[in-house]
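Fold and geometry: a report
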Amino acid sequence: MVLLWLRISISSDFPASFVFGDSLVDVGNNNHFFTLARADYYPFGIDFGMATGRFTNGRTVVDIIEQQLGLGFSPPYLAPTTTGSVILKGVNYASGGCGILNYTGIIFGGRISFDAQIENFAKTREEIIHMIGVPEAHNLFKKALFTVVIGSNDFIDNYLIPLLSIPERMLRSPESFVASMISRLRVQLTRLFNLGARKIVVANIGPIGCMPYMRDYNPGAGDDCVTFPNELAQLFNTQLKKLVEELRTNLEGSLFVYADIYHIVEDVLMNYNEHGFENPNSACCHLAGRFGGLVPCNPFSRVCEDRSKYFFWDSYHPSEAANVFTAKRLLIASFVFGDSLLDVGNNNYILSLAKANHHPFGIDFGMPTGRFTNGRTVVDIIEQQLGLGFSPPYLAPTTTGSAVLKGVNYASGAAGILNYTGEIFGGRINFDAQIDNFANTREEIMHIIGVPAALNLFKKALFTVELGSNDFLDNYLTPVFSIPERVLRSPESFVAIMISRLRVQLTRLFNLGARKIVVANVGPIGCIPYIRDYSPGAEDDCVTFPNELAQLFNTQLKRLVEELRRNLEGSLFVYADVYHVVEDILMNYNDYGFENPNSACCHLAGRFGGLVPCNGLSKICEDRSKYVFWDTYHTSEAANVIIADRFLNGDANDISPINICQLSRA
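Treat the numbers as computed from the prediction; the structure is a model and nothing was measured.

On to the overall build of the chain. For the chain, the helix and strand inventory stands at 21 helices and 19 strands. Here the chain has a C-alpha radius of gyration of 27 Å; the compact-globule value for 666 residues is 26 Å, and the two agree. Long-range contacts, defined here as pairs at least 24 residues apart, represent 72% of the contacts in the chain between residues at least 6 apart. As displayed, the chain has an accessible area near 25,100 Å², and 55% of this comes from carbon and sulfur atoms. For the chain, the distance from the average site of its 53 positive side-chain charges to the average site of its 67 negative ones is 6 Å.

And the structure:
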């Protein structure tokens, strides 16, 4: 899961960009010495206007990021013009064919290893200090963006080289080889920190077994990616993530960020049509091989007609279209507001009867986390599919510093739109208080990265709001306690109060910087096991009155979302129809692979298992994937997977005016 490339964000608050890496981010350093790893000839750069030494048809991922910074492209270190005031905006040290290990890429002849790149930065550092003085230089490095994209070649051009790598693999296991990479990288990144770098983005290795070169040299894989290279990448990535977390913890003042390129690329290759690509396997620039991977791109190669439809430019490198997609995905944060359907652990930290930090909750998550289901929530799944990783609970002690730059989850079990909703549970964080908490996070982010960068982060971020069910279940419909409320207020009046309050809340969220806001409606609450068991007169049917309340609210909510989208300039409010999707699942449960659409998997009492909340004494169904409902109130992970997919990729019947995948690209 990505812990975002630019959670550190994008704006002129970054005075400079310093880039380290291999051919994925080389912008011309290899033009200036003898090497077989070159890209300073046609057809490289065909969409850049000329061949510059970039190993793609247009811009690299970092080029695209730097354009957003307003810095222009960082120049190659070895270019004769990269001197004087030019270097104050940053420098690119990347070199095609290089690796973490100094002997990686030896088959290409010349290349600049990561150690040598850091030596070159040290020289730039001295030049900058000479120009502007020590204090100003240190301040520049403290604020600058440092990007490290390296490691692929340590496998492709070292451990996995046909024939030449056989002795290496005989002497060293994958685990041992990866350990040597991580050990060296620890020293290198620490040195970069000691030279003044603070905001350091470290990208992991993509699915190298999927590139055309690997596919063509391993024909036994057929149409699939080659397994062993991908396993090596994942082995390295697991250790890299731990290293980044270790350095962030141990190097005081550092803001190390882990960028999960593997997950983003894997997603686009698996769902290429949804992301606008037509060919996810083959090289656009090709000469030989089923996938165009046998011969490197050269002047004799054929070039595909529509380069925007190819994920791979050549045997090894992504196209500019792929780089644009990756850059956009790396720029998204996720902020979540809601109730127990989306709570990921906030209620663990308050005195409340609404808790899920105990068995059997989380039985398919690996442990109880405070999620009110057996596995992942709908938003967990959406965040994973967008390559974001899970947004952490606001109240967790670790949700501070650089951790908040990837997004935060404010949801709280028993919370509602109205402040007095859920009083019977004691502690809970209502929507107004959740927005207050976001305002606190907002201030923290502004302090870390500056106001312009923070506002840009919020502008691009995904905001999800899912509230309202508890205003009925734990307020208007609460047995005994709700009788006075229903005597005094008609359903229409109560819904009007909810909508009025929600209008103020969503407008405040917009005023705090949110722009891409998904607002989910209330599901068919008359169908949950709790309502079924407490309304036995409905027998096998859903209970009518709660569903009528939900539909009454949903009609007004859809109008509100349309109103806000129309009136709040620059907003992208989206209406997610939970009611429609869940109703469809319940009516056609067999078609979706379910066997039980009515009862709670975690149950203790009641015909539908809805009389007693899920607890340590409850019985658990054998096959949780066959149940729509996990417990008395909440859907199972299996149901959440379907709901998430409908919101990510569905049509206007599920989510309107656009789905979440489209919203993330908007």
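A few words on the sheet that holds strand β13 (residues 516-520). Strand order in the open sheet formed by six strands is β11-β10-β12-β13-β14-β19, with mixed pairing between adjacent strands. The open sheet is flanked by β11 (407-409) and β19 (655-656), the only strands paired with a single partner.

This brings us to the packing of helix α12 (residues 431-449) against helix α13 (residues 451-460). A pair of packed helices is characterised by two quantities: the angle between their axes and the separation of those axes. At a closest axis distance of 7 Å, the pairing of α12 and α13 adopts a crossing angle of 130 degrees. Classified by the interaxial angle, the pair formed by α12 and α13 is oblique. For the element pair α12 and α13, the recorded crossing hand is right-handed. Each of Phe-438, Arg-442, Ile-445, Met-446 and Ile-449 in α12 lies in contact with α13, whose residues at this interface are Val-451, Ala-453, Ala-454, Leu-455, Leu-457 and Phe-458. Looking at side-chain class alone, the contact of α12 with α13 contains 10 nonpolar, no polar and one charged residues.

All chains considered together, the criterion is met by 19 salt bridges. A salt bridge links Asp-63 to Arg-54; the nearest nitrogen and oxygen atoms lie 2.6 Å apart. The same class applies to Asp-63 as to Arg-54, namely buried. Arg-290 is paired through a salt bridge with Asp-223; the nearest N and O atoms lie 2.2 Å apart. Here Asp-223 lies in the loop between α7 (212-216) and α8 (227-250) and Arg-290 lies in the loop between β7 (285-286) and β8 (302-303), a separation of 67 residues in the sequence. As far as the burial class goes, Arg-290 and Asp-223 line up, both exposed.

Before going further, it helps to spend a moment on the nonpolar core. Grouped together as the largest cluster of nonpolar side chains are 91 residues, with contacts concentrated most on Phe-335, Phe-463, Phe-472, Phe-553 and Phe-647. Every residue in contact with Phe-553, bar those within four places of it in the chain, is listed here: Ile-417, Leu-467, Phe-472, Val-495, Met-498, Ile-499, Leu-502 and Val-522. Ranked by size, the runner-up nonpolar core spans 83 residues in total, among them Ile-87, Cys-98, Leu-185 and Ala-322.

We now examine the packing of aromatic side chains. Taken as a whole and assessed by the stated rule, the structure comprises 41 aromatic pairs. Plain terms: the ring middles of Phe-18 and Phe-121 are 5.4 Å apart, the flat faces sit at 70 degrees to each other, and that makes the pair edge-to-face. One end of the pair, Phe-18, is in strand β1 (residues 17-21); the other, Phe-121, is in helix α2 (residues 114-132), and 103 residues separate them in sequence. Given the relative accessible area of 0%, Phe-18 is considered buried.

With parallel pairing, the five strands of this open sheet are ordered in space as β2-β1-β3-β4-β5. The open sheet has two edge strands, β2 (90-92) and β5 (255-259), and neither has a second partner. Here the strands of the sheet are splayed against their neighbours by 15 degrees on average, with no regard to which way each runs. Two elements, β1 and strand β3 (residues 145-149), share five bridges in a ladder whose sense is parallel. Within β3, the residue paired with Gly-21 across the bridge is Val-149. Most of the contacts of helix α6 (residues 174-194) go to β3, to which it runs at about 165 degrees, and overall it touches β1, β3, β4 (199-203) and β5. Against the sheet, α8 touches β4 and β5, its axis set at about 165 degrees to β5.

With respect to the helices and strands, the residue Thr-83 is situated in the loop between α1 (61-69) and β2. Thr-83 sits in the partly exposed class, given a relative accessible area of 41%. For the pair Thr-83 and Ile-128, spaced 45 residues apart in sequence, the C-alpha separation works out to 9.6 Å. In terms of polar contacts, Thr-83 uses its side chain to reach the side chain of Glu-127, at 3.1 Å.

Further remarks concern the packing of α12 against helix α16 (residues 491-511). Running from amino to carboxyl end, α12 crosses α16 at an angle of 5 degrees, the nearest separation of the two axes being 11 Å. Compared by their axis directions, α12 and α16 come out roughly parallel. On α16, the residues touching Phe-431, Asp-432, Ile-435, Asp-436, Phe-438 and Ala-439 of α12 are Arg-501, Leu-502, Gln-505, Leu-506, Arg-508 and Leu-509. Grouping the constituent residues of the contact of α12 with α16 by class yields seven nonpolar, one polar and four charged.

Turning our eyes to something else, we now look at unusual backbone geometry. Here the bond from His-359 into Pro-360 is cis, since omega is 10 degrees, no more than 30 degrees from zero. Within the element layout of this structure, Pro-360 appears in the loop between β10 (334-338) and α11 (378-385). Residue Pro-657 is reached from Ser-656 by a cis peptide bond, and omega for that bond is 5 degrees. Relative to the helices and strands, Pro-657 is located in the loop between β19 and α21 (660-665). Notably, Ala-414 is not glycine yet its phi reads approximately 80 degrees, a positive angle. Structurally, Ala-414 can be placed in the loop between β11 and α12. With phi around 55 degrees, Glu-539 is a residue other than glycine that occupies positive phi space.

Under the defined criterion, the tally for this structure stands at six disulfides. Across the disulfide, Cys-602 is cross-linked to Cys-614 (sulfur-sulfur distance 2.0 Å). Its torsion about the S-S bond being 85 degrees, the disulfide of Cys-602 and Cys-614 is classed as right-handed. Of the two residues, Cys-602 sits in strand β16 (residues 602-603) while Cys-614 sits in the loop between β16 and β17 (619-620), which places them 12 residues apart along the sequence. Like Cys-602, the residue Cys-614 is buried in the burial classification. If you count the bonded cysteines of the chain from the N-terminus, they pair up as 1-2, 3-6, 4-5, 7-8, 9-12, 10-11.

With that settled, consider empty space enclosed by the protein. Unoccupied space between atoms shows up once a probe the size of one water molecule is rolled over them. If you walk through the whole model with that rule in mind, you get four cavities of 30 Å³ or more. Empty space within the largest cavity amounts to approximately 50 Å³. For the lining of the largest cavity, a count of residues per class yields three nonpolar, five polar and no charged.

With respect to the helices and strands, Asn-120 occurs in helix α2. Classification of Asn-120 by relative accessible area gives buried; the value is 10%. Look past the residues within four positions of Asn-120 in its chain and what remains in contact with it is Tyr-77, Tyr-93 and Ile-112.

Here is what the cut-offs are and how they apply
- The written sequence of each chain sets the order in which its residues are numbered from 1.
- Owing to the predicted nature of the model, reporting of local features is limited to residues with pLDDT of at least 70; listing and counting of side-chain atom pairs is limited to 80 or more, with chain, interface and lining totals taken over all residues.
- Based on all heavy atoms of the structure, the side-chain values leave hydrogens and waters out of the count.
- Comment: elements are numbered from the N terminus, with helices defined as DSSP H or I runs of at least four residues and strands as E runs of at least two.
- As defined in this context, the radius of gyration uses C-alpha atoms, and a globule is described by 2.2 Å times the residue total to the power 0.38.
- For this analysis, residues touch if any pair of their heavy atoms sits within 4.5 Å.
- What sets the accessible areas is the Shrake-Rupley method with a 1.4 Å probe; for residues, cover comes only from the shown protein chains.
- Only four residue types enter the tally: Lys and Arg on the positive side, Asp and Glu on the negative side; His and the chain ends are excluded.
- Every charge is mapped to an atom, namely NZ of Lys, CZ of Arg, CG of Asp or CD of Glu.
- In this scheme, strands are said to pair when DSSP sees at least two bridges between them.
- Every axis in this analysis is a line fitted to C-alpha atoms, fitted for helices over the stretch in contact. Angles between the N-to-C directions lie between 0 and 180 degrees.
- Any angle between 65 and 115 degrees counts as roughly perpendicular, while under 35 counts as roughly parallel, over 145 as roughly antiparallel, and the rest as oblique.
- Left-handed describes a crossing in which the near helix is turned anticlockwise from the far one by less than a right angle; the clockwise case is right-handed.
- Each residue receives one of three labels: charged for Asp, Glu, Lys and Arg, nonpolar for Ala, Val, Leu, Ile, Met, Phe, Trp, Tyr, Cys and Pro, and polar for the others, Gly being one of them.
- By definition here, a salt bridge exists when the distance from a side-chain nitrogen of Lys or Arg to a carboxyl oxygen of Asp or Glu is within 4 Å.
- Whether a residue is buried, partly exposed or exposed follows from its accessible area with a 1.4 Å probe, protein chains only, as a fraction of its type maximum: under 20%, in between, or over 50%, in that order.
- To define a nonpolar core, start from buried Ala, Val, Leu, Ile, Met, Phe, Trp, Tyr and Cys residues and group those joined through side-chain atoms within 4.5 Å.
- Within 6.5 Å between ring centres, the rings of Phe, Tyr and Trp (the latter by its six-membered ring) count as paired, and their orientation is classed by plane angle as stacked under 30 degrees, edge-to-face over 60, tilted in between.
- Each polar contact in these results corresponds to two N or O atoms within 3.5 Å; when the atoms are within protein, one needs to be able to donate a hydrogen and the other to accept it, and residues that are neighboring in sequence are counted only if both atoms are side-chain atoms.
- Cysteine sulfurs are considered disulfide-paired once they come within 2.5 Å of each other.
- Cavities and pockets are found on a 1 Å grid laid over the protein atoms alone: a cavity is a set of points where a 1.4 Å probe fits but cannot escape, a pocket is an open set with protein on both sides within 12 Å along at least five of seven lines, and a lining residue has an atom within 4 Å of such a point.
- Grid points are joined across faces, edges and corners, and a volume is the space filled by probe spheres set on the points.

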